[in-house]
Amino acid sequence: MIEILTTAEQRIAAKEQAANMGYAGSMMQGQRDAHASLAEIVVCEYVGGEMVRDYNHDFRTWWGLKVDVKNKVLSFEPRDYYDVSIFAYTEKQACDYLLFTGTPKDGSRVWICGGYGKASFLRDAELKKAGEVVGSNGLTYKRDNYVMQIKDIGQAAPVVDMLRGKGAASNGKTFAERLASITTLEELDGFANRRRVLQCDLPKWTQSEIEQIKEKKWQLEHGIQRGKKF
């Protein structure tokens, strides 16, 4: 989990944005729109994205991934057994990636809990039907929801690194340039396995790219970069 303290400017911007939002699809008649807007603003800035905020997604990463932020207002810092969920009707949204966040009621911070590819979430999550009662507190779902737990989604730190473009399929850099910029085996692992890290259906590496990744691994293991020692 990543905790980000919010600024007064971000909270003001979130309230202004919420004031301009309709209540269509809202379970709380807009009461939580400011918290949702705050999470979108803070996370977009944190990963260096471009705010879009339409029906399909909230922001786009600089390398083109369409991200929708799913926020919950929480009384406590999120635990790994907390649920993350989306309404079943949002399966129609044309986004690539779901980023799950939480905010306390005072909006003092945003917690990034992790993320999951949209198509993968619909495949892997459990569908809870409206009227189903779950948990020790007797929560009743008012709408159909796809549900997973935080411990089962991509962890916040590697997810944020990928959203920032480390190891991502970038429109701004060639494969060779991205590979050359990697300096650790850990970062190379995230780059090579970006589909697994993000649980997102990104293009697969070609055989030529796989061979280059293997060569880069050998160089890092032996402390060699472009024929020179580090």
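These figures come from a predicted structure and were not determined experimentally.

Draft legend 1. Expanded view of the overall build of the protein chain. Regarding its fold elements, the protein chain presents 8 helices and 13 strands. Looking at the protein chain as a whole, 43% of its 230 residues qualify as buried. Here the contacts in the protein chain between residues at least 6 apart in sequence split such that 61% fall between residues at least 24 apart. Accessible area for the protein chain stands at about 12500 Å²; split by element, carbon and sulfur atoms hold 50% of it.

Draft legend 2. Representation of the sheet that holds strand 5 (residues 83-87) in the model. Taken in spatial order, the 3 strands make up an open sheet running 5-11-8, and their pairing is antiparallel. A single partner strand is all that each edge strand has here, and the edge strands are strand 5 and strand 8 (126-128). Across this sheet, the average inter-strand angle for adjacent strands is 35°, counted without regard to direction.

Draft legend 3. Spatial organisation of helix 4 (residues 156-163). Listed in full, the buried residues belonging to helix 4 are Ala156, Val159, Val160, Met162 and Leu163. What you see down the axis of helix 4 is that its buried residues fit within an arc of 160°, all on one side. Looking at the residues trailing helix 4, positive phi occurs at Gly165, about 115°.

Draft legend 4. Structural view of the side chain of Lys128. Relative to the helices and strands, Lys128 resides in strand 8. Exposure remark for Lys128: the relative accessible area of 13% places this residue in the buried category. In this structure the side chain of Lys128 is engaged in a polar contact, spanning 3.2 Å, whose partner is the side chain of Glu126. Setting aside residues no more than four positions away along its own chain, Lys128 makes contact with Val134, Tyr141, Arg143, Asp144, Asn145 and Val147.

Draft legend 5. Layout of the sheet that holds strand 7 (residues 109-117). Ordered by their spatial adjacency, 6 strands build an open sheet running 1-7-6-4-3-2, and the pairing between neighbours is mixed. Because the sheet does not close on itself, it has two edges, and the strands there are strand 1 (2-5) and strand 2 (50-51). Where strand 1 and strand 7 come together, 4 bridges link them in antiparallel fashion. Across the sheet, residue Ile2 finds its bridge partner in strand 7, namely Ile112.

Draft legend 6. Inspection of the packing of aromatic side chains at higher detail. Tallying each qualifying case throughout the model produces 5 aromatic pairs. Measuring from centroid to centroid gives 5.5 Å for Phe87 and Tyr89, while their planes differ by 20°, and the two rings are stacked. Judged by its relative accessible area of 24%, Phe87 falls in the partly exposed class. Classification of Tyr89 by relative accessible area gives partly exposed; the value is 33%. Plain terms: the ring middles of Phe100 and Phe121 are 5.3 Å apart, the flat faces sit at 40° to each other, and that makes the pair tilted. Here Phe100, found in strand 6 (residues 97-103), pairs with Phe121, found in helix 3 (residues 118-124); they are 21 residues apart in sequence, far enough to count as distant.

Draft legend 7. Region of the structure containing the nonpolar core. Core analysis: the largest hydrophobic core is formed by 28 residues, its most contacted members being Leu65, Tyr97, Leu99, Ile112, Leu163 and Leu198. Secondary-structure elements contributing two or more residues to this core are strand 1, helix 2 (33-47), strand 4 (66-73), strand 6, strand 7, helix 4 and helix 7 (194-198). It is helix 2 that contributes the most residues to this core, 7 residues altogether. When neighbours within four sequence positions are excluded, Leu99 is seen to be in contact with Val43, Val67, Asp68, Val69, Lys70, Ile112, Gly114, Gly115, Val159 and Leu163. Formed by 14 residues, the second largest nonpolar core is a distinct cluster that contains Ile86, Phe121, Met148 and Ile150.

Draft legend 8. Main features of the pattern of salt bridges. Tallying each qualifying case throughout the model produces 10 salt bridges. The closest approach of N and O atoms between Lys151 and Asp152, which form a salt bridge, is 3.5 Å. One network of salt bridges, in which partners are shared, links Glu126, Lys128 and Glu132.

Draft legend 9. Inspection of the packing of helix 6 (residues 185-192) against helix 8 (residues 207-221) at higher detail. Helix 8 packs onto helix 6 with a crossing angle of 170° between their chain directions and a minimal axis gap of 10 Å. Compared by their axis directions, helix 6 and helix 8 come out roughly antiparallel. Residues Leu185, Leu188, Phe191 and Ala192 of helix 6 lie in contact with helix 8, whose contacting residues are Ile213, Lys216, Lys217, Leu220 and Glu221. Taken together, the residues of the contact of helix 6 with helix 8 sort by class into 6 nonpolar, no polar and 3 charged.

Calculation criteria
Residues numbered from 1 in each chain as written. Predicted model: local features only at pLDDT ≥ 70, side-chain atom pairs only at ≥ 80, totals over all residues. Heavy atoms only, no water. Helix = DSSP H or I, 4+ residues; strand = E, 2+ residues; numbered from the N terminus. Buried < 20%, exposed > 50% of the residue type's maximum accessible area, 1.4 Å probe, protein only. Contact = heavy atoms within 4.5 Å. Areas by Shrake-Rupley, 256 points an atom, 1.4 Å probe, with all protein chains shown as cover. Pairing = 2+ DSSP bridges. Axes fitted to C-alpha atoms, helices over the stretch in contact; angles between N-to-C directions. Arc of directions from axis to C-beta. Polar contact = N/O pair within 3.5 Å; in protein donor to acceptor, adjacent residues only side chain to side chain. Phe/Tyr/Trp six-rings, centres within 6.5 Å; stacked < 30°, edge-to-face > 60°. Core = buried A, V, L, I, M, F, W, Y, C linked by side-chain atoms within 4.5 Å. Salt bridge = Lys/Arg side-chain N within 4 Å of Asp/Glu carboxyl O. Parallel < 35°, antiparallel > 145°, perpendicular 65-115°, else oblique. Nonpolar A, V, L, I, M, F, W, Y, C, P; charged D, E, K, R; others polar.

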